[in-house]
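Here's the letter readout for the chains.
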Amino acid sequence: MADMTPPPAAEAFIADLGWAGEIVPLAGDASFRRYFRVRSGGRNAVLMDAPPPHEDPRPFIGVAEWLTTHGFPAPAIIGADLDHGLVLLEDFGDARMREAIDAEPDATSGLYERAVDLLVELRRHPAGPLEPYDRTVLHLEADLLTQWYCPAVGIDADQAGYTAAWDAVFDHALSSQPVTVLRDYHAENLMLVGEDRALGLLDFQDALAGHPAYDLVSLLQDARRDVEPEIEAAMLQRYCAETGAGEDFLAAYYVLGAQRNAKIVGIFTRLWKRDGKPRYPTLCPRVWRYLEADLAQPVLAPVAAWFDANIPPAMRGDPSGIGA
């Protein structure tokens, strides 16, 4: 478990901003970032600790400012100390979409509709000043599966064939009109803010300029919760109806879904093997289910053939159990 002692520079930092008060643990995440709640004179804010050299808060600040400038609900930046990796943010509270769905299953469809509609609006804006989500990045991410998962379960995978299979489908995943891709858009990063439960965005520091299908598949093939197939189908239909997206978009959706899910299987394995976080490999069976559903799409035939030849169904699951 992450040490949730506030960093030494935190008290002076918040005091200089006029927020002297209590600092209480809020959350850690899969990276080195940690979050604290600051309580000061009846006000709340969130302190992000993104310690250098492991983390750099500047991308988060830049994307947050782009989002708010364009009318999207990112937290306001109250202040930053880049030398110490500290950022004081607007507090969106504790109500996440994930828990709201768990508590009110009847609200599921409506909440997903709102999340989809935000992506529809995001699509209407050209990408912010971001690095491209290009073929090189797509390959680097997909390779996390062969770098981490395959060795963990004792598979000596055909890397050259893997690269060639993805290369045969990545044309579908590259957009001639890139948008801001938040890259981790799912129910645990969507807050319900205030009495009207307006959406609030978190965890977008890794944003890139890429295909609009990526965030939609991130939402609807959620690695951390089961999204019912009928919800995925209905929301995909809603997005396409609102944007006029057609077969090319659907091809991109499934290619990026497969790429993302392969990446996540690799990342979750790495979090276990390298970083000692045993919860993450237990999430892999869900991700494999999404990945196999994507691989069943005709557009992914070359990639599906590689998986059939290299990773048999019995070897697809929780690597901490398979590799034991």
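Presented here is an overview of the structure given in this document. (Residues numbered from 1 in each chain as written. Predicted model: local features only at pLDDT ≥ 70, side-chain atom pairs only at ≥ 80, totals over all residues. Heavy atoms only, no water.)

Observations concerning the nonpolar core
Heads up, the condition is: Take the buried residues of types Ala, Val, Leu, Ile, Met, Phe, Trp, Tyr and Cys, join any two whose side-chain atoms come within 4.5 Å, and each joined set is a nonpolar core. Only protein chains enter the accessibility calculation, which uses a 1.4 Å probe. A residue is then buried if its area is under 20% of the maximum for its type, exposed if over 50%, and partly exposed in between. In DSSP terms, a helix is any run of H or I states spanning at least four residues, a strand is any run of E spanning at least two, and both are numbered starting from the N terminus. Only heavy atoms matter for contacts: two residues are in contact if any of them lie within 4.5 Å across the pair.
By size, the foremost hydrophobic cluster in this structure holds 93 residues, and its most contacted members are Leu 67, Tyr 112, Leu 145, Trp 166 and Phe 307. Here the element with the most residues in this core is helix 9 (residues 247-273); it accounts for 12 residues. In this structure Leu 145 touches Cys 150, Tyr 162, Ala 262, Val 265, Gly 266, Trp 288, Phe 307 and Ile 311, once residues within four positions along its chain are discounted. Within the second largest apolar cluster, 13 residues are counted, among which are Phe 36, Val 38, Leu 47 and Leu 88.

Quick word on the side chain of Arg 34
Definition in use: The term polar contact refers here to a pair of N or O atoms within 3.5 Å; inside protein, the definition further demands a hydrogen-donor-capable atom paired with an acceptor-capable atom, and it admits residues adjacent in sequence only when both atoms are side-chain atoms.
Within the element layout of this structure, Arg 34 appears in strand 2 (residues 34-40). At a separation of 2.9 Å, a polar atom in the side chain of Arg 34 contacts the main-chain carbonyl oxygen of Thr 5. Of the polar contacts made by the side chain of Arg 34, one reaches the side chain of Asp 49; its length is 2.8 Å.

Quick notes on the environment of Leu 86
Within the secondary structure, Leu 86 sits in strand 5 (residues 86-90). Residue classification places Leu 86 among the buried residues on the basis of a relative accessible area of 0%. Along the chain, Leu 86 and Asp 56 lie 30 residues apart, while their C-alpha atoms are 9.4 Å from each other. Not counting the four nearest positions on each side in its chain, Leu 86 is found in contact with Pro 7, Ala 9, Ala 10, Phe 13, Leu 47, Met 48, Asp 49, Gly 79, Ala 80 and Asp 81.

Topic: the packing of aromatic side chains
Using the following cut-off: Paired rings are identified among Phe, Tyr and Trp, the last through its six-membered ring, by centres lying within 6.5 Å, and are further divided according to the angle between planes into stacked (under 30 degrees), edge-to-face (over 60) and tilted (the rest). Charges are assigned to positions over rings by a cutoff of 6 Å between ring centre and Lys NZ or Arg CZ, combined with an angular limit of 35 degrees from the ring normal.
Inspection of the entire model under this criterion finds 13 aromatic pairs. Seen from their ring centres, Phe 268 and Tyr 280 are 5.3 Å apart, and the 50° between their planes marks the pair as tilted. Remark: Tyr 280 occurs in the loop between helix 9 and helix 10 (284-295) and Phe 268 occurs in helix 9; sequence separation between them is 12 residues. Each of the two residues, Phe 268 as well as Tyr 280, counts as buried. Every member of this aromatic cluster is reached through a ring pair, and the members are Tyr 149, Tyr 162, Trp 166, Phe 170, Trp 288, Trp 306 and Phe 307. The ring of Trp 272 carries the charged tip of Lys 273 above its face, separated from the ring centre by 4.9 Å.

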